[in-house]
Amino acid sequence: MDTLFDLPEPETPEEAVIARYRLSDDQYGSPAEREATFAAERAMTAAVEAAEVGEVDGNEFGGGEVVLYAYGADAAALFKVMEPTLRGLPFRPAHVVLRQGSRVTESREGPDIHC
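None of these values were measured; they are calculated from a predicted model.

(A) Structural view of a negative patch on the surface. Taken together, the side chains of Glu-14, Glu-49, Glu-55 and Asp-57 present a region of like negative charge at the surface. Looking at where Glu-55 falls in the secondary structure, it is placed in strand β2 (residues 55–62). Classification of Glu-55 by relative accessible area gives partly exposed; the value is 43%.

Written out as structure tokens, the structure is:
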């Protein structure tokens with residue numbers, strides 16, 4: 001139990017895939033970039049749900065970048081399902097972090113999201 005709030009600890013630590021892309025301006029990107037992101041998010045949501053490896057939790061636009069978030073029990077399995085769609089986004093540079101529990105286990109970046 002968490003003594004401060006009396007909440008039970010999660011049984012399995014949640015892992016994450018966090019993908020960060022640079023946009024064409026210093027704000028929210030172009031309408032085409034936003035639509036490409038939303039389409040990719042829909043495709044990844046369907047793939048992740050079909051594979052039953054977690055959930056795509058959404059996006060965050062601002063400051064000239066977009067960040068996509070997904071969570072599940074196994075970040076590597078989650079990334080494997082998301083990878084084709086993440087690679088298909090045309091924005092560069094790109095940076096993907098796989099987070100296990102509270103620590104980063106892998107960081108992938110570069111023009112092709114090196115794996």
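(B) Looking closely at the pairing of strand β1 (residues 15–22). Of all the eight residues making up β1, six are buried; the element is thus mostly covered by neighbouring parts of the structure. Direction of pairing for β1 relative to strand β3 (residues 65–72): antiparallel, over a ladder of eight bridges. Of the residues in β3, the one forming a bridge with Val-17 is Ala-70. With six bridges joining them, β1 and strand β4 (residues 94–100) adopt antiparallel strand pairing. In the sheet register, Val-17 faces β4, and the bridge partner there is Leu-98.

(C) Molecular detail of the pattern of salt bridges. Counted under the stated rule, the structure contains four salt bridges. Between Arg-87 and Glu-83 there is a salt bridge, and its shortest N-O distance comes to 2.9 Å. Note that Arg-87 and Glu-83 are positioned in helix α2 (residues 75–88) at a spacing of four residues, about one turn of the helix. Among the residues examined, Arg-87 registers a relative accessible area of 32% and is labelled partly exposed.

(D) Inspection of the side chain of Glu-41 at higher detail. Relative to the helices and strands, Glu-41 resides in helix α1 (residues 31–51). Arg-42 provides the closest opposite charge to the buried, salt-bridge-free Glu-41, at an N-O distance of 7.4 Å. One polar contact links Glu-41 to Asn-59, side chain to side chain, over a distance of 2.6 Å. Contacts of Glu-41, omitting those with residues within four sequence positions, involve Val-56, Gly-58, Asn-59 and Leu-68.

(E) Focus on unusual backbone geometry. Put simply, Arg-92 and Pro-93 share a cis peptide bond, and its omega is 5°. On the secondary structure map, Pro-93 appears in the loop between α2 and β4. The backbone of Glu-52 shows a phi angle near 55°, a positive value even though the residue is not glycine. Tracing the backbone through its elements, the reader meets Glu-52 in the loop between α1 and β2. Since its relative accessible area comes to 72%, Glu-52 is described here as exposed.

The rules behind the values
Residues numbered from 1 in each chain as written. Predicted model: local features only at pLDDT ≥ 70, side-chain atom pairs only at ≥ 80, totals over all residues. Heavy atoms only, no water. Patch = residues over 30% accessible without salt bridge, like charges linked within 9 Å, V, L, I, M, F, W, Y side chains within 5 Å. Areas by Shrake-Rupley, 256 points an atom, 1.4 Å probe, with all protein chains shown as cover. Salt bridge = Lys/Arg side-chain N within 4 Å of Asp/Glu carboxyl O. Lys, Arg positive; Asp, Glu negative; His and termini not counted. Charge placed at Lys NZ, Arg CZ, Asp CG, Glu CD. Helix = DSSP H or I, 4+ residues; strand = E, 2+ residues; numbered from the N terminus. Buried < 20%, exposed > 50% of the residue type's maximum accessible area, 1.4 Å probe, protein only. Pairing = 2+ DSSP bridges. Polar contact = N/O pair within 3.5 Å; in protein donor to acceptor, adjacent residues only side chain to side chain. Contact = heavy atoms within 4.5 Å.

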